[in-house]
Amino acid sequence: MNLNRIVSRLRNAGLKLTPQRELIISTLLASGGPLTAREVLKSVRKTQPRISFDTVYRNLAVLSEIGVVNRINLKVRFNSRFEIADDHRHHLVCLGCGEVRPVNLCPFQEVAVGLEKDKPFRIVGHAFEIYGYCAGCDAFRDPGPDPDRNGYTAERKRQSEAEVLKKWGGT
Ligand SMILES: [Zn+2]
Ligand SMILES: [Zn+2]
């Protein structure tokens, strides 16, 4: 989605392209991958040092409500990542380190057609992520006698969450 399309989406939703929104959008457009709200904040602060986390977070929420931005739920302590909504896609999300990789296939499209007919229900969109462990994190998983349901020992899970929070910041 380019800036022109984004601006017209905003307009259709009765919203303006404020300088803050423009900065947030251009940060996401320039980014090579989905960013956490804290990462967006850090980048936006280079231009607007006084902008608050709340403002950035509220704008990201508004942009995701109107479909300009995808919100990817990391499932780790309310943490999310945001990206400009382009082609429809899903993501592999690592529960260990929070890494997000796009998957360029959608297994749901055929199912959706069936659902619309059966229910009937007009589907306008869907979102889901695929959770698991990247190779690096998988090596840490402890298959020992008492792992929690994710396969992590309680101790490793605490460590892992602390690492994620340190790396990506909590939202
Ligand atoms: Zn990982
Ligand atoms: Zn899909």
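Note that the structure is a prediction, hence the values are computed from the model and not measured.

### Some words on the overall build of the protein
Next, step 1: From N to C terminus, the protein includes seven helices and six strands.
Next, step 2: The secondary structure elements of the protein, listed N-terminal to C-terminal, are α-α-β-α-α-β-β-β-β-α-β-α-α.
Next, step 3: Per-residue burial for the protein yields a buried fraction of 26% across its 171 residues.
Next, step 4: Across the protein, contacts joining residues at least 24 apart in sequence account for 51% of those joining residues at least 6 apart.

### A word on the sheet that holds strand β2 (residues 69–73)
Sheets are built from strands that pair by backbone hydrogen bonding, the pairs being arranged parallel or antiparallel.
Next, step 1: One open sheet accounts for three strands, arranged β1-β3-β2; its pairing is antiparallel. The sheet terminates laterally at β1 (35–36) and β2, the two strands that pair on one side only.
Next, step 2: Across five bridges, β2 lies against strand β3 (residues 80–84) in antiparallel orientation. Within β3, the position partnered with Val69 by the bridge is Ile84.
Next, step 3: Across the sheet, helix α2 (residues 19–30) lies against β1, β2 and β3, angled at about 85° from β3, the strand it touches most.

### So, the sheet that holds strand β4 (residues 90–94)
Next, step 1: Pairing is mixed across the open sheet formed by three strands, whose spatial order is β5-β4-β6. Because the sheet does not close on itself, it has two edges, and the strands there are β5 (100–103) and β6 (129–132). This sheet shows a mean twist of 25° between the axes of neighbouring strands, independent of strand direction.
Next, step 2: Bridge count between β4 and β5: four bridges; the pairing is antiparallel. What sits directly across from His90, in β5, is Val103.

### Overview of the nonpolar core
Next, step 1: Residues Ile24, Leu28, Val40, Val56, Leu60, Val69 and Phe82 are the most contacted members of the largest nonpolar core, which totals 18 residues.
Next, step 2: Elements supplying a minimum of two residues to this core: α2, α3 (37–44), α4 (53–65) and β3.
Next, step 3: Apart from residues lying up to four places away in sequence, Leu28 is in contact with Leu35, Val40, Val69, Phe82, Glu83 and Ile84.
Next, step 4: Judged by nonpolar contacts, the second largest core, of seven residues, contains Ile72, Leu74, Cys94 and Tyr133.

### Section: the packing of α3 against α4
Next, step 1: Orientation of α3 relative to α4, taken along the N-to-C sense of each, is 120°, at an axis distance of 9 Å. Judged by the inter-axis angle, α3 sits oblique to α4. Seen along the crossing, α3 lies across α4 with a hand that is right-handed. Residues Ala37, Val40, Leu41 and Val44 of α3 form the contact with α4, whose participating residues are Phe53, Val56, Tyr57 and Leu60.
Next, step 2: Taken together, the residues that form the contact of α3 with α4 break down as eight nonpolar, no polar and no charged.

### Let's talk about the pairing of β4
Next, step 1: In terms of burial, β4 is a largely internal element, four of the five residues being buried.
Next, step 2: Here β4 folds back onto β5, and the loop between the two strands holds five residues, one of which, Gly98, carries a positive phi near 85°.

### What to know about the confidence of the model for the protein
Next, step 1: Scored by pLDDT, the protein comes out at a mean of 84, with 82% of its residues at no less than 70.
Next, step 2: When pLDDT is averaged over each helix and strand of the protein, the minimum, 66, is found for helix α7 (residues 154–168) and the maximum, 96, for α3.

### Some details on the pairing of β3
Next, step 1: Most of β3 is tucked away: five of the five residues are buried.
Next, step 2: Alternating residues of β3 divide into Ser80, Phe82 and Ile84 and Arg81 and Glu83, and every residue in both groups is buried.
Next, step 3: For β1 and β3, the ladder comprises two bridges, and the chain directions are antiparallel. Within the sheet, the bridge partner assigned to Leu35 lies in β3 and is Phe82.

The rules behind these values
- Residues numbered from 1 in each chain as written.
- Chains lettered and ligands numbered in written order.
- Predicted model: local features only at pLDDT ≥ 70, side-chain atom pairs only at ≥ 80, totals over all residues.
- Helix = DSSP H or I, 4+ residues; strand = E, 2+ residues; numbered from the N terminus.
- Buried ≥ 20, exposed ≤ 12 C-beta atoms within 10 Å, placed from the backbone.
- Contact = placed C-beta atoms within 7 Å.
- Pairing = 2+ DSSP bridges.
- Axes fitted to C-alpha atoms, helices over the stretch in contact; angles between N-to-C directions.
- Core = buried A, V, L, I, M, F, W, Y, C linked by C-beta atoms within 7 Å.
- Parallel < 35°, antiparallel > 145°, perpendicular 65-115°, else oblique.
- Left-handed = near helix turned anticlockwise from the far one by under 90°.
- Nonpolar A, V, L, I, M, F, W, Y, C, P; charged D, E, K, R; others polar.
- pLDDT = per-residue confidence, 0-100.

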